[in-house]
Amino acid sequence: MIDKRAKMILYILLGVIVMLFFFESSRPRPLNWQKSFTSGDKIPFGAFVLYDQLDEIFKRVDITSIDQVPVDFLLENDSISNANYIFINDYLSFDSVESDYLMDFVARGNKVFIASNGAYGSLADTLGLETNSASYYAYSRRDTIRTRLVNKSLKDRSYVYEKGADYKFFEVYDTLNTKVLGEVLAFEPSKGYIADYLKDTLEDEDDKYENEEKPIINRDDKEDKRLTRETPQVNFVEVKVGDGAFYYNLNPIAFTNYYMLKDGKHQYAVEALSYMNDGPVFFDDYGKSGRKVIKSPMRFVLSQPALKWAYYIALLGIIIYMIFASKRRQRIIPIVEPLKNSSVEFTKTIGSLYYQTGDYSSIIDKKINYFLERLRSKYFVDTQKLDATFIKRLAVKSGKSQNFTEDVILYINKLRAKSVHNEYELKQLNKRIEAFLKD
């Protein structure tokens, strides 16, 4: 029975759990600014709004969320054409296998749209794309960018992105096979951070070569303007492959909920996706930074702060209750002696029976097998052939002398060659084995 003290502690714990659960559930959640890009996330940098509007953008064609490895999906759809495959994430890198399958997919007349902060991996190498490292812009607290699409059939408008944006552009691309579709424009170049940084760098170089001849470094005004954002840079391209095309966009943040619902910026996403086919649309939900994998109710409980703390407090309460409830009166439990290990006595008994019956051959055979097993387990040697090579290897590994090792092994070979043995031979064998195994 539970006494009054234990009941009181249990009621107090239960009251604390209820109060904590109430306060935690009623407290407003802080806004989650994690970059997710998943179709089911309604946080600012999720892609719920874009995915929800895809049927309007593509005139109500079939829209499918793909939550599997791209290679598996492409293998299952190796004959489809006039389709679209959309990848949006802050970082995307395709290996050589994925690149080959995507190239085949596009060559059949399909189109692949990739929005990422850079062009990486085998696919980028195949398409001849290389992006800037943006290391020059790490000194700015906020990296505001302004972008626009350069298609003459579209209205000449630009879009400003402040929160979560990265100043990224294509440093290298194949001008013969690549069509420029968008640019990142000059916009408050980090309040002079980049120009000051470049100036300080040049001054440091001058100080370094103060007493020496400074090497000639060819840097024109165009390079300086590019680094300080005084000229537009390409951040959206089209690369034709076969009957289809790849579309690489370096502004993935434009396709998130925050900008799809803000100041008409959804128009940029709509116009960027207007180059795609009019067939079915496949939206990648596998390669995402905020991809959630929930396969059990407990994983869902632990993913929610309120439920997680309620679960931990409940566990703590149960442990405390068990500690107090276990202190109940009961009779003394008698000590039961454990069963003794009688294997040694059993072995001695069996050995005595063999010895008394005079079956020396059986004892010698078992003695040799036991000795060889010890050699295998202790020195890791092969005991199939007990020849000169084996004797030499065993002597080295065991640290015994060559003559002593040879005497033991040759005596074993001698006994194995005989069919009948006597007591003297058994004693000599036992003497040699014990001497060899003795440390």
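Here goes a summary of the coordinates provided. Computed from a prediction, not measured in an experiment: that's the story for all the values here. (Residues numbered from 1 in each chain as written. Predicted model: local features only at pLDDT ≥ 70, side-chain atom pairs only at ≥ 80, totals over all residues. Heavy atoms only, no water.)

1. Describing a nonpolar patch on the surface
Residues L10, M298, L302, W309, Y311, Y312, L315, I318, Y321 and M322 make up a contiguous nonpolar surface patch of about 920 Å² in total accessible area. Those elements that place two or more of their residues in the nonpolar patch are α10 (297–303) and α11 (305–325). When residues of the nonpolar patch are assigned to their parent elements, the largest contribution, seven residues, is made by α11. Along the chain, Y321 falls in helix α11. (Patch = residues over 30% accessible without salt bridge, like charges linked within 9 Å, V, L, I, M, F, W, Y side chains within 5 Å. Areas by Shrake-Rupley, 256 points an atom, 1.4 Å probe, with all protein chains shown as cover. Salt bridge = Lys/Arg side-chain N within 4 Å of Asp/Glu carboxyl O. Helix = DSSP H or I, 4+ residues; strand = E, 2+ residues; numbered from the N terminus.)

2. Here's the deal with unusual backbone geometry
We note that D263 has phi near 50 degrees; this positive angle belongs to a residue other than glycine. In this fold, D263 is placed in the loop between α8 (257–260) and α9 (266–272). Phi at F380 takes a positive value of approximately 55 degrees, unusual for a residue other than glycine.

3. Considerations on the nonpolar core
One finds F113, F255 and L273 to be the most contacted residues of the largest nonpolar core, which totals 38 residues. Counting residues per element, this core draws most heavily on helix α2 (residues 48–57), which supplies four residues. Other than its neighbours up to four places away in sequence, L273 contacts L50, L54, I57, F58, I86, F113 and F255. Core analysis: the second largest hydrophobic core is formed by 29 residues, L74, L102, V106 and A124 among them. (Core = buried A, V, L, I, M, F, W, Y, C linked by side-chain atoms within 4.5 Å. Buried < 20%, exposed > 50% of the residue type's maximum accessible area, 1.4 Å probe, protein only. Contact = heavy atoms within 4.5 Å.)

4. Here's the deal with the pairing of strand β6 (residues 145–149)
In β6, alternate side chains face the same way, and those of I145, T147 and L149 are buried while those of R146 and R148 on the opposite face are not. Across four bridges, β6 lies against strand β7 (residues 158–161) in antiparallel orientation. Following the sheet pairing, T147 is matched in β7 by Y159. Relative to strand β9 (residues 178–185), β6 is paired through four bridges, and the arrangement is antiparallel. Bridge pairing links R146 to L185 in β9. (Pairing = 2+ DSSP bridges.)

5. Comments concerning the sheet that holds strand β4 (residues 111–115)
Strand order in the open sheet formed by nine strands is β1-β12-β2-β4-β11-β10-β9-β6-β7, with mixed pairing between adjacent strands. Looking at strand neighbours, the two that pair on one side only are β1 (63–66) and β7, the edges of this open sheet. The average undirected angle you get between the axes of adjacent strands in this sheet is 20 degrees. Contacting β1, β2 (84–88) and β12 (281–284), α2 crosses the sheet at an angle of about 150 degrees to β1. Packed onto the sheet, helix α4 (residues 96–107) meets β2, β4, β10 (233–241) and β11 (244–249) and runs at close to 125 degrees relative to β11. (Axes fitted to C-alpha atoms, helices over the stretch in contact; angles between N-to-C directions.)

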